[in-house]
Amino acid sequence: MDWKNIIGSHRGVDEVDKGQFNKVEETDFASGCCVMIRREVFQEIGFFNEKYFLYYEDNDFSQRVKLNGFRVYYQPRAMLWHLNAGSTGGSGSNLQDYFITRNRLLFGFSYASVRTKAALLKESIKFLFAGRNFQRKAVLDFYTGRFGKGSYKL
């Protein structure tokens, strides 16, 4: 997680694998596309927050896991092929634009530093006046509390 910009990044994207990903280690968040979670974690902290609906729900869940004393690990033996943004029309689609914009604000205002929250506030105001259509809609929905599916017509 890039905490200064509130952007989640996946391990190894656009990198050549030279063995640097071969060790089990604690990580900032686990991507929801492939996780194994113990039942007691769900029993203690609940499930994914439905406010997010799509995007950043796994980051939020990972932060709640850690705040409750559990740990999040990367396991290199777990393998999968994941078509990024495959169910949302691809990277840069209106659907992805809306949910990433809104939920980045929700996540950032929940977990980021005061400095980063100030930067998010400034960026959200910029989006209201000069952002793409679905960025504007997402920011409005964030500030008016329209979460879950929000005002995006699925």
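All values reported here derive from a predicted model rather than from experimental measurement.

Draft legend 1. Spatial organisation of the environment of Gly 89. Locating Gly 89 in the fold gives a position in the loop between strand E2 (73-74) and helix H3 (94-111). Residues Gly 89 and Lys 149 lie 60 residues apart in sequence; the distance between their C-alpha atoms is 16 Å.

Draft legend 2. Spotlight on helix H5 (residues 133-144). Taking 1.5 Å of rise per residue, the 12 residues of H5 would be expected to cover 16 Å, and the 17 Å separating its terminal C-alpha atoms lies within 8% of that figure. Looking only at H5, the buried set comprises Phe 134, Gln 135, Ala 138, Val 139, Asp 141 and Phe 142. Burial along H5 is one-sided: seen end-on, the buried residues are contained in an arc of 165°. Looking at the buried side of H5, the elements it contacts are H3 and helix H4 (114-130). With its phi angle positive at about 75°, Gly 145 sits one or two positions after the end of H5.

Parameters and conventions
Residues numbered from 1 in each chain as written. Predicted model: local features only at pLDDT ≥ 70, side-chain atom pairs only at ≥ 80, totals over all residues. Heavy atoms only, no water. Helix = DSSP H or I, 4+ residues; strand = E, 2+ residues; numbered from the N terminus. Expected span 1.5 Å × (residues − 1). Buried < 20%, exposed > 50% of the residue type's maximum accessible area, 1.4 Å probe, protein only. Arc of directions from axis to C-beta. Contact = heavy atoms within 4.5 Å.

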